[in-house]
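Coordinates in review
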There are 2 protein chains.
Amino acid sequence: MAIGIGLIGMGVVGGGVARILCDRERELKIVRGLDFDIRKIAIRDPSKPRAIDISSDRFTTDPMEVVTDPTIQIAIEVMGGVDAAHDLILAALQNGKDVVTANKALLAERGDSLFEAAVQNEVGLGFEASVCGGIPIIQALSQGLVANDIQSLYGILNGTTNYILTRMTEAGANFDPMLKEAQDKGFAEADPIMDIDGTDAAQKLALLCRLAFRQRVSSSDILKEGISHITALDIDFARELGYTIKLLGIARAIDNRIEARVHPALVPHDALLADIRNEFNAVEIVGSAVGAQVFYGKGAGELPTASAIVADLVAIAERRKVNLGPAGAPLAPLPKADLVPADDIQTGSYCRLTVHDKPGVLAQIAALFAGENISIETVIQHGRSETDGVPLIMITHDAPEAAMRRAITRIGALQAVTEKPQIIRILHP
Amino acid sequence: MAIGIGLIGMGVVGGGVARILCDRERELKIVRGLDFDIRKIAIRDPSKPRAIDISSDRFTTDPMEVVTDPTIQIAIEVMGGVDAAHDLILAALQNGKDVVTANKALLAERGDSLFEAAVQNEVGLGFEASVCGGIPIIQALSQGLVANDIQSLYGILNGTTNYILTRMTEAGANFDPMLKEAQDKGFAEADPIMDIDGTDAAQKLALLCRLAFRQRVSSSDILKEGISHITALDIDFARELGYTIKLLGIARAIDNRIEARVHPALVPHDALLADIRNEFNAVEIVGSAVGAQVFYGKGAGELPTASAIVADLVAIAERRKVNLGPAGAPLAPLPKADLVPADDIQTGSYCRLTVHDKPGVLAQIAALFAGENISIETVIQHGRSETDGVPLIMITHDAPEAAMRRAITRIGALQAVTEKPQIIRILHP
């Protein structure tokens, strides 16, 4: 018997899902015994031409028709946005439908009520596509690594920023022209703010925390810093010191608390994450039994995202056939995470200061670091100049964020320091 | 109700399974609703002290007791070996038990009858642990990437050889001392032949082919070459040319045929596989929708392997609870793969010749390559010497194995060529 599918939205990803279901119909039917039938597609603009071969009477402009249709067992939400999508998914779950979505913003901001509704109604809420596109990272965390306490995860979770940082590194260019290039090549949106300020990565990190640590982390509580202040000069100095700059999402279990943060980080050249180039994503997971594992692939795009949606669809359908409930452990209710306060997070830092090259300046700066109990690992100063100031690079050992901030505020106020200090955290894996 | 587990064998991996089940008992019971009870453990030597806290009356020296015990629902085979393990697993499957095994040699050599018995008896045969230890690569291929036609896979599938090649590369050392070091450090066995001659990697590749291409590939039909002939000199020249030498398992779908091979390969420095160091494993999978993905982690060891076994156990138990059959698509019967004959496989090659440095030698060699229609991409010759001969490195474009072999036989017979030519294939991803 065919399984009724309803699509809410039919943009790029929705089109990819329809295309994969069509291309792989024979494989799904013969090998897996699954026969999917797209019964309804909710769209905004019925006059828009569609590349897919689906009878026009299956289109509707009312998405409620999808979530109430008794012939639809699984609803796929690919409309995007938060509030309207939330209400539609909630209605679908309450009507006993399984739901598959790629909507990380929705799940990170208003996921609690949806995960709870899925548990209460004993239906599945698949969201493999919401983090790292086609990489089966949700499945790995919820099933493949079930034997492990997850100790930490480190991820390049946003393809746009990784593309920009890679191009800045390889072309020796600054942020603005490389953002423009990313936009021209389709790796950044016209309004790229959610990507470059770290919001997108923080949303994904919040979802990964739910799975890895079985605690609720709100993306708005995550320490977050974007990449627009990173310069070609910083990338050069970082290279000289043995590091590559990446925007990372980092989450760690520390005693009974969770540390979660998204920021640019100096990653040692010999770490695998340093080699992840262009628009690719990667997540390193450290588990109690398996040690470090890395999952790498395309984090976005029509077909990678659609691939993850179809994987969820197949997993749910195989369980539907025998009335088995949702896979894995229930994701609600979960306790709210006790987050390490941002002030207490410990990292080493790369500090690029621009200073007048005069006797005593280094002593002044070193004293201010010492006053906050921050010890210095490395100092680099190249060349000499009597004009605007020279760069002075200092790498610190681990210190709390708050102490670092206090030291830098004082250092920045020194007369000999001519520009705002540049601080980038260091990854010590 | 508790799920009865029987262990066949209690070596290092069996002990890891028992330890994880004990450590994670609460998590499995409360979060997943799964209560495992190890009811019988078949061992060879009852007098050997055991680190695990299991009542002695659960031990038996007769493994048939495990496969016939009606209170055991899932049998875990960790005894190793081929024929005896085959018969025990077959009996367990025929008795309606699910089976989980890490025994790649068994599955690669005599898996057909076991996969068929699992399908016929509608029970599960989990083998995540048999390839790449704790990396959930079997699950990714059978579930996470279900929306994809798998086009190719490239894997560092054997930790022992990757450790030896990494150390040769980093220490500038030859094979023998680094094999010795690997043995001292526990990364190579006392008798390492199955690892270093490529047999272990070929067995894993055969299993990955079954999942990726849904065809049977016998590991003995796979083109196979080990690493013992690789020298520090080759690693140096490869580096100069922009490559790292790795032992790869490669499988590709070409039209309706499968190309499968295990051999040392020159991997370009910018490929992620070039960065996989020491005893780690990695598999790159290229799928029609997701493009390239890489899965990285520890490929062996007590806890990584036990982690994969427990993941299979949990997946099977969750389905058992509701009488759902095995996960994913059935793995038997499958058609036997139409393998590309080894002679027809096309690769570029690194050729290191040792030649008398006299006029006309290069012309002679080039003519012999040209006679087989093999074109040369790069030639390197350093220094000059009137004594034993100088190394002459030639990189060829893709050519069939048979043509390459004919050319090299003739070149090796030239009077000006003083040593057996060294040939290493090149990976063009």
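All names here are of chain A. Topologically, Arg 19 is positioned in helix α1 (residues 12–23). Placed 207 residues apart in sequence, Arg 19 and Gly 226 show a C-alpha to C-alpha distance of 35 Å. Other than its neighbours up to four places away in sequence, Arg 19 contacts Glu 302 and Leu 303.

The two faces of a sheet get side chains in turn, since along a regular strand they alternate between them. Residues and elements named next belong to chain A. Counting buried residues in strand β2 (residues 36–42) gives 5 out of 7 residues, a clear majority hidden from the surface. As paired elements, strand β1 (residues 3–8) and β2 share 6 bridges and run parallel to each other. Considered in β2, the bridge of Ile 8 is made with Ala 42. Bridging between β2 and strand β3 (residues 59–60) involves 2 bridges; their strand directions are parallel. Within β3, the position partnered with Ala 42 by the bridge is Thr 60.

This next bit is on the state of the cysteines. All names here are of chain B. Here the structure, examined in full by the defined rule, presents 0 disulfides over all chains. Of all cysteine sulfurs in the structure, the one in Cys 132 sits closest to Cys 209, which takes part in no disulfide; the separation is 13 Å. Accessibility expressed as a relative area gives 1% for Cys 209, which makes it buried.

Here we take up helix α8 (residues 175–184) of chain A. All names here are of chain A. Looking only at α8, the buried set comprises Phe 175, Met 178, Leu 179, Glu 181 and Ala 182. Viewed along the axis of α8, the buried residues span an arc of 160°, placing them on a single side of the element. Away from its buried face, by an angle of more than 90 degrees, α8 presents the exposed residues Asp 176 and Asp 184. Residues of α8 that are buried sit in contact with α7 (159–171) and α9 (193–196). Immediately downstream of α8, the backbone of Gly 186 shows phi near 85°, a positive value.

Okay, the relation of the copies chain A and chain B next. Mapping one chain copy onto the other needs a rotation about an axis and a shift along that axis. Mapping chain A onto chain B is achieved by rotating through 180° and translating by 0.0 Å along the same axis, at an RMSD of 0.0 Å. Considering both components of the superposition, the chain copies are consistent with a two-fold axis. Nearest to the rotation axis, the C-alpha of Phe 295 of chain A is located 2.4 Å from it, this being the minimum over chain A. By residue overlap, the copies meet face to face through one surface: 100% of the interface positions of chain A are interface positions in chain B.

A few words on the sheet that holds strand β4 (residues 74–77) of chain A. Residue and element names in this part refer to chain A. Strand order in the open sheet formed by 6 strands is β3-β2-β1-β4-β5-β6, with parallel pairing between adjacent strands. Both edges of this open sheet fall to β3 and β6 (125–126), since each of them pairs with a single strand only. Two elements, strand β5 (residues 98–101) and β6, share 2 bridges in a ladder whose sense is parallel. Considered in β6, the bridge of Val 99 is made with Leu 125. Together, β1, β4, β5 and β6 form the strand contacts of helix α4 (residues 83–94), whose direction differs from that of β5 by roughly 150°.

Our focus in this paragraph is helix α13 (residues 361–371) of chain A. Residues and elements named next belong to chain A. Buried within α13 are the following residues: Val 361, Ile 365 and Phe 369. For α13, the angular spread of buried residues about the axis comes to 65°, placing them on one side. Opposite the buried face of α13, by more than 90 degrees, sit the exposed residues Ala 363, Ala 370 and Gly 371. At its buried positions, α13 is contacted by β13 (346–355), β14 (376–381), β15 (390–396) and α14 (401–413).

This part takes up the domain arrangement of chain A. Residues and elements named next belong to chain A. The domain boundaries assigned to chain A delineate domain 1 (3–134 + 302–320), domain 2 (147–297) and domain 3 (342–426). With centres defined by C-alpha atoms, the gap from domain 1 to domain 2 works out at 28 Å. In this complex, domain 1 contributes 12 residues to the contact, which on the side of domain 2 involves 12 residues. Each partner contributes to the roughly 1,100 Å² buried at the junction of domain 1 and domain 2, and carbon and sulfur atoms together form 69% of this total. The tally of links between domain 1 and domain 2 comes to 3 salt bridges. Note that Lys 104 is salt-bridged to Asp 200, the shortest N-O span being 3.2 Å. Counting across the domain 1 and domain 2 interface gives 3 residue pairs in polar contact (both at pLDDT 80 or more). Of the residues that constitute the side of domain 1 that touches domain 2, the class distribution is 7 nonpolar, 2 polar and 3 charged.

Next up on the list: the nonpolar core. The biggest cluster of nonpolar side chains holds 170 residues, and the ones touching the most others in it are Ile 137 of chain A together with Ile 137 of chain B. Not counting the four nearest positions on each side in its chain, Ile 137 of chain B is found in contact with Glu 128, Val 131, Cys 132, Leu 208, Val 283, Ile 285 and Phe 295 of chain B.

Contacts between the two partners involve 47 residues from chain A and, on the opposite side, 47 residues from chain B. The interface formed by chain A and chain B includes 2 salt bridges. Asp 149 of chain B is the salt-bridge partner of Arg 24 of chain A, the closest N and O atoms lying 3.3 Å from each other. For the pair chain A and chain B, the interface holds 20 residue pairs in polar contact (both at pLDDT 80 or more). Every element with two or more residues in the side of chain A that touches chain B is listed here: α2 (25–31), α6 (137–144), β12 (291–298) and α12 (302–320) of chain A. Among the elements that take part in the side of chain A that touches chain B, α12 of chain A stands out by supplying 8 residues, more than any other. Within the side of chain A that touches chain B, the residues separate by chemical class into 27 nonpolar, 11 polar and 9 charged.

Enumeration according to the criterion identifies 7 aromatic pairs over all chains in this entry. On the basis of an interplanar angle of 85° and a centroid distance of 5.9 Å, the ring pair of Phe 295 of chain A and Phe 295 of chain B is categorised as edge-to-face. Taken as a pair, Phe 295 of chain A in strand β12 and Phe 295 of chain B in strand β12 (residues 291–298) lie in two separate chains rather than in one. Across this residue pair, the class does not change: Phe 295 of chain A and Phe 295 of chain B are buried. The interplanar angle of 10° and the centroid separation of 4.9 Å between the aromatic rings of Phe 280 of chain B and Tyr 296 of chain B together place this pair among those described as stacked. Taken together, the residues Phe 280 of chain B in strand β11 (residues 280–287) and Tyr 296 of chain B in strand β12 connect sequence positions 16 residues apart.

Residue and element names in this part refer to chain B. Of all 6 residues that make up strand β1 (residues 3–8), 6 are buried, and the element is covered over most of its length. Side-chain alternation along β1 places Ile 3, Ile 5 and Leu 7 on one buried face and Gly 4, Gly 6 and Ile 8 on a second face that is also buried. Examined bridge by bridge, β1 and strand β4 (residues 74–77) share 4 bridges and lie parallel to one another. In the strand pairing of β4, Leu 7 is matched with Ile 76.

Turning to the packing of α4 of chain A against helix α5 (residues 104–120) of chain A, a few remarks are in order. All names here are of chain A. One way to put it is that α4 packs onto α5 with a least axis distance of 10 Å and a crossing angle of 15°. Taken together, the axis directions place α4 and α5 in an arrangement best described as roughly parallel. The two elements α4 and α5 meet at a crossing, and its hand is right-handed. Residues Asp 83, Ala 85, His 86, Asp 87, Ile 89, Leu 90 and Leu 93 of α4 form the contact with α5, whose participating residues are Leu 106, Arg 110, Ser 113, Leu 114, Ala 117 and Ala 118. The residue makeup of the contact of α4 with α5, split by class, is 8 nonpolar, 2 polar and 3 charged.

Glycine aside, negative phi is the norm for most residues, and most peptide bonds take the trans geometry. Residue and element names in this part refer to chain B. Phi at Glu 122 is positive, roughly 50°, even though this residue is not glycine. Tracing the sequence through the fold places Glu 122 in the loop between α5 (104–120) and β6 (125–126). In this model, Asn 373 sits at a positive phi of 65°, which is unusual for a non-glycine residue. Tracing the sequence through the fold places Asn 373 in the loop between α13 (361–371) and β14 (376–381). Given a relative accessible area of 72%, Asn 373 falls into the exposed group.

Rules used in this analysis
- Numbering of residues begins from 1 in every chain and follows the order in which that chain's sequence is written.
- Chains and ligands are labelled by the order in which they are written, letters from A for the one and numbers from 1 for the other.
- In keeping with the model being predicted, local features are shown solely for residues with a pLDDT of at least 70 and side-chain atom pairs are shown and tallied solely at 80 or more, while totals for entire chains, interfaces and linings include all residues.
- Processing note: side-chain calculations cover all non-hydrogen atoms of the structure and skip hydrogens and water entirely.
- Helix and strand definitions follow DSSP, with helices as H or I runs of at least four residues and strands as E runs of at least two, each counted in order from the N terminus.
- Working rule for contacts: check all heavy atoms of both residues, and any pair within 4.5 Å makes them a contact.
- Working definition: with a 1.4 Å probe on protein chains only, accessible area under 20% of the residue-type maximum means buried, over 50% means exposed, and in between means partly exposed.
- Whether two strands pair comes down to DSSP finding at least two bridges between them.
- In this description, a disulfide is simply a cysteine sulfur pair whose atoms lie within 2.5 Å.
- It is the directions from the helix axis to the C-beta atoms that the arc portrays.
- A least-squares fit on C-alpha atoms brings the copies together, and the residues used are those whose pLDDT is at least 70 in both copies.
- Fitting a line to C-alpha atoms yields each axis, with helices limited to the stretch in contact; the angle taken between N-to-C directions then spans 0 to 180 degrees.
- Residue ranges for the domains trace back to a domain assignment, done automatically or taken from a database.
- Throughout, buried area stands for the accessible area (probe radius 1.4 Å) lost by two parts on being put together, summed over both.
- Any carboxyl oxygen of Asp or Glu within 4 Å of a side-chain nitrogen of Lys or Arg constitutes a salt bridge here.
- Polar contact criterion, stated in full: a pair of N or O atoms within 3.5 Å, where within protein one must be able to donate a hydrogen and the other to accept it, and residues adjacent in sequence count only if both atoms are side-chain atoms.
- Only Asp, Glu, Lys and Arg are considered charged, only Ala, Val, Leu, Ile, Met, Phe, Trp, Tyr, Cys and Pro nonpolar, and every remaining residue, Gly among them, polar.
- Buried residues of nine kinds, namely Ala, Val, Leu, Ile, Met, Phe, Trp, Tyr and Cys, make up a nonpolar core once their side-chain atoms join them within 4.5 Å.
- Ring geometry is summarised as follows: Phe, Tyr and Trp rings, the Trp one being its six-membered ring, pair when their centres sit within 6.5 Å, and such pairs are stacked at plane angles under 30 degrees, edge-to-face over 60 and tilted between the two.
- If an angle is under 35 degrees, it is roughly parallel; if it is over 145, roughly antiparallel; if it lies from 65 to 115, roughly perpendicular; otherwise it is oblique.
- Crossings are sorted by hand: turned counterclockwise from the far helix by less than a right angle, the near helix makes the crossing left-handed, and turned clockwise it makes it right-handed.

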